[in-house]
Amino acid sequence: MLASLSATLDIRREDKENQGLGSAVTSSQDPQPVSFLLQRVFPILQKVLEVWVCDLGIVQSICEFLKRAITTLLDDVGPMVPGICELLVQIYTASPHVPILDLSQQMLMLFSLNEAYSANTQSLILQLTNKTLSLFQSGNIREHTEVIEAYMNMCTKILKTQPNILISNDMSPSAIFQCGLVSITLPEQPTVKATCNFFNIFIAQSNKVPMYAQTVTQQGQALLELLIKAISGAAPRSLVEPMSDVIFSYSKNCNSHFTTIMPEVIMSHTLELPRANKVQREQFAKSLMRERANKRQFRDIVKEFSLLCRGLLGTEYADF
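Bear in mind that the values here come from a model prediction, so they are computed numbers and not experimental data.

A. Quick peek at the packing of aromatic side chains. For the coordinates displayed, the defined rule picks out 9 aromatic pairs. Where Tyr 250 meets Phe 258, the ring centres are 5.7 Å apart and the plane angle is 50°; that geometry is what we call tilted. Overall, Tyr 250 belongs to the buried group, its relative accessible area being 1%. The class for Phe 258 is buried, based on a relative accessible area of 0%. Both rings, one in Phe 284 and one in Phe 305, keep their centres 3.9 Å apart while their planes meet at 5°; by these two values the pair is stacked. Taken together, the residues Phe 284 in helix 14 (residues 278–290) and Phe 305 in helix 15 (residues 295–310) connect sequence positions 21 residues apart. By way of ring pairs, the aromatic residues Phe 177, Phe 198, Phe 199, Phe 202 and Tyr 212 are connected into one cluster.

What follows is the structure, encoded as structure tokens:
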């Protein structure tokens, strides 16, 4: 009910709609009713979560209310930013769930570039990352694949628009990259696809952000080895294309490093490819290093090698 009220009690909705149509209007300066509602209800939500923080249904409802309230208020929610960030950390630390990450992404997109709240948003992303890293170290990561998928999606969104948020004295993008190295080996395809999207953007941003470039240089070989193993049979064929796109991004954005390590990766003794002989491996590596512009042709090269390694090349099952 509170979430519905937050969406409907927008006294500036007409102004926003008119502005969207190109009309020059002056927004109402009257305080938003949702602002009053949020300030009065927020302490109650905190007390509810002290008892029911592990109840997914309650967490979802509270996150939905806050999300709609923030969408209505936008900059007007500013005074509540520190409290909301603190609450999100409290919930996620106690019991990580997808709705918390979705709401956190909204907060980071809106307020991370505002100097008044930069400390709050930086603490938020740091605590979310630390807790997510602890999930990888817990030994039961497969019980949290939806959370990992949501975390990777959040990081991808941040990388696209505000990549420097993931860099601070207390947080290194290298740790997030390592999370991706584990995520990409998980059996759930949506999680793997989200991780591939993350790597695509991370590698693309390495041209602009030196710390990202350093991370790719240090850990890129490990990523390539995992990708080659996956496309050669460790992963379902439906994942070959998104994984191919990661290799393409690597070749396109970090070509010098890619051409240096690719021959070493493809000929590594730890890479077991019984159906691909030395000549075929070398030809595959040369084809990838040569094709930097056409993503479709790059995908075809990877697909053909994948079929070869799976023993399907030239069979009736190759097109399935």
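B. Seen up close, the pattern of salt bridges. The tally for this structure, following the rule as stated, stands at 3 salt bridges. Here Arg 68 makes a salt bridge to Glu 64, at a shortest N to O gap of 2.7 Å. Taken as a pair, Arg 68 and Glu 64 lie in helix 4 (residues 56–73) at a separation of 4 residues, close to a single helical turn. In this structure, Arg 299 engages Glu 241 in a salt bridge whose closest nitrogen and oxygen atoms are separated by 3.3 Å.

C. Here's a closer look at helix 9 (residues 173–183). For helix 9, the buried fraction is high: 8 of the 11 residues fall into the buried class. Regarding helix 9, the residues found buried are Pro 173, Ser 174, Ile 176, Phe 177, Cys 179, Gly 180, Leu 181 and Ser 183. In this fold, the buried residues of helix 9 make contact with helix 7 (118–137), helix 8 (145–161), helix 10 (189–205) and helix 11 (210–234).

D. Summary view of the packing of helix 8 against helix 9. Interhelical geometry of helix 8 versus helix 9 gives an angle of 135° and a closest axis separation of 11 Å. Comparing their axes, helix 9 and helix 8 come out oblique. Helix 8 and helix 9 meet at a crossing whose hand is left-handed. Note on element contacts: helix 9 touches helix 8 through Ile 176, Cys 179, Gly 180 and Ser 183, opposite Ile 148, Tyr 151, Met 152 and Cys 155. Of the residues belonging to the contact of helix 8 with helix 9, the class tally is 6 nonpolar, 2 polar and no charged.

E. How the structure looks around the confidence of the model for the protein chain. Looking at the protein chain, the pLDDT average stands at 88 and 90% of residues meet or exceed 70. When mean pLDDT is taken per element in the protein chain, helix 10 scores highest with 97 and helix 2 (residues 13–20) scores lowest with 48. Within the model, the stretch residues 16–27 combines pLDDT values under 50 with 10 contacts to residues more than four positions away or in other chains.

F. Summary view of the state of the cysteines. Enumeration over the complete set of coordinates arrives at 0 disulfides. Take Cys 155: it sits in no disulfide, and the sulfur closest to it among the cysteines is that of Cys 179, at 8.0 Å. Classification of Cys 155 by relative accessible area gives buried; the value is 0%.

G. Quick peek at unusual backbone geometry. Phi is positive for Leu 74, which is not a glycine, with a value near 50°. Note on placement: Leu 74 falls in the loop between helix 4 and helix 5 (81–94).

H. Inspection of the side chain of Thr 195 at higher detail. For Thr 195, the location among the structural elements is in helix 10. In this structure Thr 195 comes out as buried when scored by relative accessible area, which is 0%. For Thr 195, the residues in contact, after removing those within four places along its chain, are Met 152, Gly 180, Ser 183 and Ile 184.

Cut-offs used in this document
- In this convention, every chain numbers its residues from 1, walking through the sequence in written order.
- Selection of residues for local features in this predicted model requires a pLDDT of at least 70, selection of side-chain atom pairs for listing and counting requires 80 or more, and totals for whole chains, interfaces and linings are taken over all residues.
- Derived side-chain values reflect all non-hydrogen atoms in the structure, with water molecules and hydrogen atoms excluded from consideration.
- Two aromatic rings, drawn from Phe, Tyr or Trp (for Trp, its six-membered ring), form a pair once their centres lie within 6.5 Å of each other, and the interplanar angle then sorts them: stacked below 30 degrees, edge-to-face above 60, tilted otherwise.
- The buried label applies to any residue whose accessible area, calculated with a 1.4 Å probe on protein chains only, is under 20% of its type's maximum; exposed applies above 50%, and partly exposed to all values in between.
- Numbering of helices and strands runs from the N terminus, with a helix taken as a DSSP run of H or I at least four residues long and a strand as a DSSP run of E at least two residues long.
- Whenever a carboxyl oxygen of Asp or Glu lies within 4 Å of a side-chain nitrogen of Lys or Arg, that contact is scored as a salt bridge.
- We call two residues contacting when some pair of their heavy atoms lies within 4.5 Å.
- Lines fitted to C-alpha atoms define the axes, with helix axes restricted to the stretch in contact, and inter-axis angles between N-to-C directions lie between 0 and 180 degrees.
- Any angle between 65 and 115 degrees counts as roughly perpendicular, while under 35 counts as roughly parallel, over 145 as roughly antiparallel, and the rest as oblique.
- By definition, any crossing whose near helix is turned counterclockwise from its far helix by less than a right angle is left-handed, and any crossing with a clockwise turn is right-handed.
- For this scheme, ten residues count as nonpolar: Ala, Val, Leu, Ile, Met, Phe, Trp, Tyr, Cys and Pro. Four count as charged, namely Asp, Glu, Lys and Arg, and the remainder, Gly too, count as polar.
- Note: pLDDT gives the predictor's confidence per residue, expressed from 0 to 100.
- When two cysteine sulfur atoms lie within 2.5 Å, the pair is treated as a disulfide.

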